[in-house]
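# Summary of the model geometry
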Amino acid sequence: MKKREPISHIMTKTVVTANEKEDLKTVVEKLRKNTIRHIPIVKGKEVIGIISRTDINRLTFGALFEGQEGADEAILEMLSISQVMTSKPKTVTSDITVRDLAEIFAKEEFHALPVVDNGELKGIVTTTDVIKYFLEQYD
């Protein structure tokens, strides 16, 4: 097993992002279209927040009640990205090891972390990336 593997080898480098001036409906469309669960919110190249699919699901009724699509639309129109996002999210650098990242995920309740080097978004890494990495060690 590679003990000091940096997360730069497992992170997603092409990151779908949104900016705080976009509306929540756009964020939902990006999550669905790209089949992703987390989207960093950026101002230029700086990460200022993150929104997860779970954050959106907490706001909407669509998954719970049939015929509530209109209510979902109204909620998404009423709220802004800055009201929903987790501000100043925890980030990691691309040179942190996969093991150290796994410890962060195990101790804290994160499922994705933006990867930031020198104040600039370089990628995103998820619990799924870590699990896939560990599974590859058994091949």
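You'll find the structure just up there.
A few points on the structure. Values in this document were obtained by computation on a predicted structure and should not be read as measured data. (Residues numbered from 1 in each chain as written. Predicted model: local features only at pLDDT ≥ 70, side-chain atom pairs only at ≥ 80, totals over all residues. Heavy atoms only, no water.)

The contact between helix H5 (residues 98–107) and helix H6 (residues 127–136) brings their axes to 10 Å, and the two run at 130 degrees. Considering their axes alone, H5 and H6 lie oblique with respect to each other. For H5 against H6, the interelement crossing comes out left-handed. Residue-level contacts link Val98, Leu101, Ala102 and Phe105 of H5 to Thr127, Val130, Tyr133 and Phe134 of H6. The residue makeup of the contact of H5 with H6, split by class, is 7 nonpolar, 1 polar and no charged. (Axes fitted to C-alpha atoms, helices over the stretch in contact; angles between N-to-C directions. Helix = DSSP H or I, 4+ residues; strand = E, 2+ residues; numbered from the N terminus. Parallel < 35°, antiparallel > 145°, perpendicular 65-115°, else oblique. Left-handed = near helix turned anticlockwise from the far one by under 90°. Contact = heavy atoms within 4.5 Å. Nonpolar A, V, L, I, M, F, W, Y, C, P; charged D, E, K, R; others polar.)

Among the 7 residues that make up strand E6 (residues 120–126), 5 are buried, leaving the element largely enclosed by the rest of the structure. Hairpin geometry of strand E5 (residues 112–117) and E6 is characterised by an intervening segment of 2 residues between the two adjacent antiparallel strands and by a positive phi of about 50 degrees at Asn118. (Buried < 20%, exposed > 50% of the residue type's maximum accessible area, 1.4 Å probe, protein only. Pairing = 2+ DSSP bridges.)

So, on to unusual backbone geometry. You will see that Thr35, though not glycine, has its phi angle at about 50 degrees, which is positive. Structurally, the position occupied by Thr35 is in the loop between helix H1 (24–33) and strand E2 (38–43). Its identity is not glycine, yet Lys88 carries a phi of approximately 45 degrees, on the positive side. Mapping Lys88 onto the fold places it in the loop between strand E4 (86–87) and H5.

What follows is about the sheet that holds strand E1 (residues 18–19). Strand pairing in a sheet takes place through backbone hydrogen bonds and is either antiparallel or parallel in direction. Strand order in the open sheet made by the 4 strands is E1-E2-E3-E4, with mixed pairing throughout. Strand pairing shows two members of the sheet lacking a second neighbour, E1 and E4, which therefore form its edges. As judged from the 2 bridges shared by E1 and E2, these two strands associate in the parallel manner. The partner of Asn19 across the bridge, within E2, is Val42. Contacts between H1 and the sheet are confined to E1, E2 and strand E3 (46–52), with E2 contributing the most and set at about 135 degrees to the helix.

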